[in-house]
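# Coordinate inspection notes
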Amino acid sequence: MTAKESELLLKDGKITTVPADTLSKTRTNAFTDARPAGRGHSLPLVVLSPGHSKPRSELTGLAEELASRGYVVAAIDHTYENVATTFPDGRVTTCVTCEITKGKGWWAKLEKSRAADVSFVLDQLTGAHPKWKGAGLIDTSKIAMAGQSAGGASTVTAMLEDSRLRAGIDVDGTVESTVPASGLSRPFLFLGKPATYTPGKSEAASWEHVWTGLTGWKRWLLMTGAVHLSFTDLGVLVDQVGIEIGADIAGARAMDITRRYVTAFFDQHLRGKPQPLLNKSSASYPEITFCRPPEKTCA
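Keep in mind the model is a prediction, meaning the values are calculated, not measured. (Residues numbered from 1 in each chain as written. Predicted model: local features only at pLDDT ≥ 70, side-chain atom pairs only at ≥ 80, totals over all residues. Heavy atoms only, no water.)

## A short note on the environment of G151
Within the element layout of this structure, G151 appears in helix α4 (residues 150–161). Judged by its relative accessible area of 0%, G151 falls in the buried class. C-alpha of G151 to C-alpha of V171: the two residues are 20 residues apart in sequence and 8.1 Å apart in space. Not counting chain neighbours up to four residues away, the residues in contact with G151 comprise S49, P50, G51, R114 and M145. (Helix = DSSP H or I, 4+ residues; strand = E, 2+ residues; numbered from the N terminus. Buried < 20%, exposed > 50% of the residue type's maximum accessible area, 1.4 Å probe, protein only. Contact = heavy atoms within 4.5 Å.)

## Focus: the state of the cysteines
In total, this model carries two disulfides according to the counting rule given. For C95, the disulfide goes to C98, at an S-S distance of 2.1 Å. Taking the torsion about the sulfur-sulfur bond, which here is approximately 85°, the covalent link between C95 and C98 counts as right-handed. Once the disulfide-bonded cysteines of the protein are ranked by sequence position, their pairing pattern turns out to be 1-2, 3-4. (Disulfide = S-S within 2.5 Å.)

## Here we look at the sheet that holds strand β7 (residues 188–192)
The strand order across the open sheet formed by eight strands is β2-β1-β5-β6-β7-β8-β9-β10, and the pairing between neighbours is mixed. Lying at the two open borders of the sheet, with one neighbouring strand each, are β2 (72–75) and β10 (297–298). The sheet contacts of helix α6 (residues 205–213) involve β6 (165–171), β7 and β8 (218–223), and relative to β8 the element is tilted by about 160°. (Pairing = 2+ DSSP bridges. Axes fitted to C-alpha atoms, helices over the stretch in contact; angles between N-to-C directions.)

## A closer look at unusual backbone geometry
Most peptide bonds take the trans form, and the phi angle of most residues other than glycine is negative. Even without being glycine, K14 reaches a positive phi, approximately 55°. Exposure remark for K14: the relative accessible area of 71% places this residue in the exposed category.

## Overview of the packing of aromatic side chains
Within this structure, the stated rule accounts for eleven aromatic pairs. With a centroid separation of 3.8 Å and an interplanar angle of 5°, the aromatic rings of Y197 and W207 are classed as stacked. Separated by ten residues along the polypeptide, Y197 in helix α5 (residues 194–197) and W207 in helix α6 bring together distant segments of the chain. An aromatic cluster is present here, built from F188, F190, Y197, W207, W211 and W220 joined pairwise through their rings. Over the aromatic face of F87 sits the side chain of R91, whose NZ or CZ is 4.3 Å from the ring centroid. (Phe/Tyr/Trp six-rings, centres within 6.5 Å; stacked < 30°, edge-to-face > 60°. Lys NZ or Arg CZ within 6 Å of the ring centre and 35° of its normal.)

## Observations regarding the side chain of D233
By the secondary structure assignment, D233 is in helix α7 (residues 233–241). Despite its burial, D233 pairs with no opposite charge, the nearest such side chain being R259 at 6.4 Å. In this view, D233 contacts S57, E58, L59, T60, G61, L62 and M255; residues no more than four positions away in its chain are not counted. (Lys, Arg positive; Asp, Glu negative; His and termini not counted. Salt bridge = Lys/Arg side-chain N within 4 Å of Asp/Glu carboxyl O.)

## Things to note about the side chain of D170
Examined against the element boundaries, D170 turns out to sit in strand β6. Here D170 is buried and forms no salt bridge, its nearest opposite-charge partner K193 lying at an N-O distance of 9.7 Å. Engagement of the side chain of D170 in a polar contact is seen with the side chain of W207, the distance being 3.4 Å. Contact partners of D170, with chain neighbours within four places excluded, come to G147, S149, G152, A153, V175, F188, L189, F190, L191 and W207. (Polar contact = N/O pair within 3.5 Å; in protein donor to acceptor, adjacent residues only side chain to side chain.)

## Remarks on helix α2 (residues 60–68)
Residues of α2 that are buried: G61, L62, A63, E64, E65 and L66. Those residues of α2 that are buried lie in contact with β1 (43–49), β2, α7 and α8 (251–271). Of the residues trailing α2, G70 is marked for its positive phi of about 90°.

Structural data, given as structure tokens:
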């Protein structure tokens, strides 16, 4: 992040206990302009979409995990939905949608807008004149999407709108869009927090509605102790600076679990490598429970 992006994100979160440029100094494992490794048309592509008002950089840990395992990762800053998006010329746009009154149907409209963003990015990466010099590495038959919060909710719409997306993950995002009667047959994973998405809770109704329309491989997983930010880098960073967000699981542990299950899902559905982790509870990750929405049970 740039210093300005850090300042605006911290201001949006009303965090005044750390220097304004703190997030621009966060160390990562990624390097600018590193030469990508891989054979031509051999690498799966995963698109990542962050929560509303949040930057793509909040998913850096997940992006690095996937990239380190041989995935091409394209994380999207949704312009005018993010508190700060910096363009190559230095121009910084802010969050116009944050100021809009969000009435009935507003979030469904946002999900369609984000789906259009995703299709545009896929066009730019895999079209006749790709914008990335490493685009020739991408296997265009192995493209998928994951997102957190509004980004996760938008994954459903993006998959319905763009058949290039072969699999998808919604991480803790309430879905406003509907799945048509014809259903969605491609693999899909829900990963969320029990406080909101335990089957039978009123807040879980959006997932339950989508669940009935998913006709292919599907899972509904919950992470005990998690809160909304636990699935992003911000869950780790708030622990480091001593900000309490109500989570009963450490940010680093939550990130480790999120990385593990997201990677397992894509390894199985983009690379054809069966993942027993996705079939039942694991002693290594007791925080994860598998839910059966029709029975309203999780174990």
